[in-house]
Amino acid sequence: MINKIKGTYDILPDEVAKWQEIEDSIQNVSKLFNFKEIRTPIFEYSELFHRGVGETTDIVKKETYDFKDRGDRSVTLRPEGTASVVRSVIENKLYASANQPLKLYYQGPMFRYERPQKGRYRQFRQFGAEALGSNSPLIDAEIINYAATFLEALRIKNITIKINSLGDALSKEQYKRKLQEYLEPNIEELCSDCNRRYKENPLRVLDCKVDKDNPILKEAPKPLDYLTEEAKYHFEQVIEALDAIGLNYVIDKSLVRGLDYYTHTVFEIDANNMESLGAQATLVGGGRYNNLVESLDGPDIPAVGFAFGMERLLLALESVDKPVVDPFIHCFMIALGDEVQGDALRIVNDLRHGGLTCDYDFFNKNLKGKFKQAERLNPMFLLIYGEEEAKDMVVNVKDTRNGVQETIPLANLYHYIVSHINTQGSSCSGNCSDCDEC
Ligand code: ATP
Ligand code: MG
């Protein structure tokens, strides 16, 4: 037997409804914020990620799936979405479109060679968004609000929004030097990765998962204390906007992000009820990346975005009060006898064209078998149709929720089903003129 690759998973039919709920919320909330979907390939030239994400990041150093194609080109399965979106914006000159800022979102599989565990896979899915072309702190706040509203739409409420600022390029440069000076005398006490990072990319030391509780890191200088006046003003404006919207957040002075390209605002949202999962409790990470577009040979335009891990949303959804409803079947047709099969199929088809989910007994089992199959599928209505019914042009309809069984003229069938979908337990036949529905 050939098994799935380590760090991947199948989404089986019984689990798909939860994914679809997340996907529906992505579309609905993105529409509210007027973000438009963009779809890019899942592999790109390796150089895009090496330059975009950063040579010194863990992702590029240790986690990318790089390979040579048969034409000897170096290609990489995308480990994240932003670099591809920026590549597409540059290549298709979307930055020149009349609608600015460009508000884009994406969702799809990403690939990282990581140690698989709960909430961490080698193929995982992200929902991400990018707003390109505006330096306004209001857009930073809009992006954070978009992420928070999406969680609210999924009823994931027990969260902490953490924000921080790394400042502009000058602030980052000043801070980097300060941090290196601070770390140098004690660097041997930190892990081997930190020993490497502190030279190449000292900010990442603060993001270390091994040493996160080490007092050396806890007491390290913080980026927020090294902001230029301009960067400080930008951050204050973001905070003012978040306050105006009424979002609850905490300023986390130690928050930095794992990718090289961030400037100014960075943020993460953690699920509080997943704290036991440690680093895997982070549902979304994002921030401003004002230099990325230019560094990928595009024009000098600022941008800000986020990326959610969708598997972690699924974990967070497990503890949401109202469970996600399973997809339901409105009608299941039990046709009795070969002579009525054609008619029964037509009845089912007409109901489907009216927007009702219907299924059919395709095995031509005996009566007991047919009812067993119906029981397993758990439809709202059982339709029973045999020679007698065909003669009288009626269908026997059983509402499985309250057990009421009625004989309904074929001509009224659709109206009967539709008017009874939301009337749990009502025994009205759909034309009594006494009840609320009629
Ligand atoms: P982490 O610190 O958890 O490794 P990251 O900083 O590498 O996250 P980003 O690159 O910012 O994460 O990706 C954004 C989000 O994507 C994360 O907050 C997380 O929800 C999700 N994510 C990242 N890597 C994985 C993975 N291997 N499996 C599942 N989800 C992931
Ligand atoms: Mg990571």
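Residues numbered from 1 in each chain as written. Chains lettered and ligands numbered in written order. Predicted model: local features only at pLDDT ≥ 70, side-chain atom pairs only at ≥ 80, totals over all residues. Heavy atoms only, no water.

Engineer: Lay out the pairing of strand β16 (residues 405-409) in plain terms, naming residues and giving numbers.
Structural biologist: Alternating residues of β16 divide into Glu406 and Ile408, all buried, and Gln405, Thr407 and Pro409, none buried. By the bridge criterion, five bridges tie strand β15 (residues 394-399) to β16 in an arrangement that is antiparallel. Counterpart to Val395 in the pairing with β16 is Ile408. Hairpin geometry of β15 and β16 is characterised by an intervening segment of five residues between the two adjacent antiparallel strands and by a positive phi of about 80° at Gly403. (Buried < 20%, exposed > 50% of the residue type's maximum accessible area, 1.4 Å probe, protein only. Helix = DSSP H or I, 4+ residues; strand = E, 2+ residues; numbered from the N terminus. Pairing = 2+ DSSP bridges.)

Engineer: Tell me what's going on with the sheet that holds strand β3 (residues 65-68), and back it up with residues and numbers.
Structural biologist: Two strands in a sheet stick together by hydrogen bonds in their backbones, pointing the same way (parallel) or opposite ways (antiparallel). With antiparallel pairing, the three strands of this open sheet are ordered in space as β2-β4-β3. Where the open sheet ends on each side, the last strands, each with one partner, are β2 (43-45) and β3. Looking at each pair of strands side by side, their axes are set apart by 30° on average, direction ignored. For β3 and strand β4 (residues 74-77), the ladder comprises four bridges, and the chain directions are antiparallel. If you follow Asp66 over to β4, its bridge partner there is Thr76. (Axes fitted to C-alpha atoms, helices over the stretch in contact; angles between N-to-C directions.)

Engineer: If you had to explain the packing of aromatic side chains to someone new, which residues and values would you point to?
Structural biologist: Evaluated as defined, the whole model comprises 15 aromatic pairs. These aromatic residues form a ring-pair network of at least three members: Phe33, Phe35, Tyr105, Phe127, Tyr146, Phe150, Phe306 and Phe308. Seen from the ring of Tyr113, Arg122 lies directly overhead, with NZ or CZ sitting 3.9 Å from the centre. (Phe/Tyr/Trp six-rings, centres within 6.5 Å; stacked < 30°, edge-to-face > 60°. Lys NZ or Arg CZ within 6 Å of the ring centre and 35° of its normal.)

Engineer: For the nonpolar core, give the residues involved together with the corresponding values.
Structural biologist: Tyr146, Phe306 and Phe308 are the most contacted members of the largest nonpolar core, which has 50 residues in total. Broken down by element, the residue count for this core peaks at nine residues, all from helix α5 (residues 137-153). When near neighbours in sequence (up to four residues on either side) are disregarded, Phe306 contacts Tyr106, Phe127, Gly128, Ala129, Ile143, Tyr146, Ala147, Phe267, Val284, Gly285 and Gly286. Leu132, Leu183, Cys191 and Ala307 belong to the second largest nonpolar core, which has 46 residues in total. (Core = buried A, V, L, I, M, F, W, Y, C linked by side-chain atoms within 4.5 Å. Contact = heavy atoms within 4.5 Å.)

Engineer: Kindly report on the packing of helix α1 (residues 16-32) against α5, identifying the contributing residues and their values.
Structural biologist: Each packed pair of helices is defined by two parameters, the angle between the axes and the distance between the axes. Interaxial distance between α1 and α5 falls to 10 Å at its minimum, and their mutual angle equals 135°. Relative to α5, the element α1 lies oblique. The element α1 and its partner α5 pack so that their crossing is right-handed. Only Tyr146, Thr149, Phe150 and Ala153 of α5 make contact with α1, whose side of the interface consists of Ile22, Ser25, Ile26, Val29 and Ser30. Residues of the contact of α1 with α5, tallied by class, amount to six nonpolar, three polar and no charged. (Parallel < 35°, antiparallel > 145°, perpendicular 65-115°, else oblique. Left-handed = near helix turned anticlockwise from the far one by under 90°. Nonpolar A, V, L, I, M, F, W, Y, C, P; charged D, E, K, R; others polar.)

Engineer: Got a sec to walk through the sheet that holds strand β12 (residues 331-335)? Specific residues and values, please.
Structural biologist: As summarised here, the arrangement of the five strands in space is β13-β12-β14-β15-β16, forming an open sheet in which the pairing is mixed. Both outer strands of the open sheet, β13 (358-360) and β16, are each paired with one neighbouring strand and no more. Along the sheet, successive strands turn relative to each other by an average axial angle of 25°, direction set aside. Here helix α13 (residues 367-377) sits on the sheet and contacts β12, β13 and β14 (381-385); the angle it forms with β12, its principal contact strand, is near 175°.

Engineer: How would you explain the pattern of salt bridges if you had to name every residue and give the values?
Structural biologist: Applying the stated rule across the entire model yields 31 salt bridges. We note a salt bridge from Asp207 to Arg204, for which the minimum N-O separation is 2.6 Å. Taken together, the salt bridges that share partners define one network made up of Asp58, Lys61, Lys62, Asp193, Arg196, Arg197, Glu200, Arg204 and Asp207. (Salt bridge = Lys/Arg side-chain N within 4 Å of Asp/Glu carboxyl O.)

Engineer: Any chance you could break down the packing of α5 against helix α9 (residues 229-245) for me, citing the residues and the numbers?
Structural biologist: Running from N to C, α5 and α9 point in directions that differ by 45°, and their axes come no closer than 8 Å. Judged by the angle between their axes, α5 and α9 are oblique. By crossing handedness, the relation of α5 to α9 is classed as right-handed. Every residue of α9 that contacts α5 at Pro137, Leu138, Asp140, Ala141, Ile144 and Asn145 is listed here: His234, Gln237, Val238, Ala241, Leu242 and Ile245. Along the lines of polarity and charge, the residues of the contact of α5 with α9 split into eight nonpolar, three polar and one charged.

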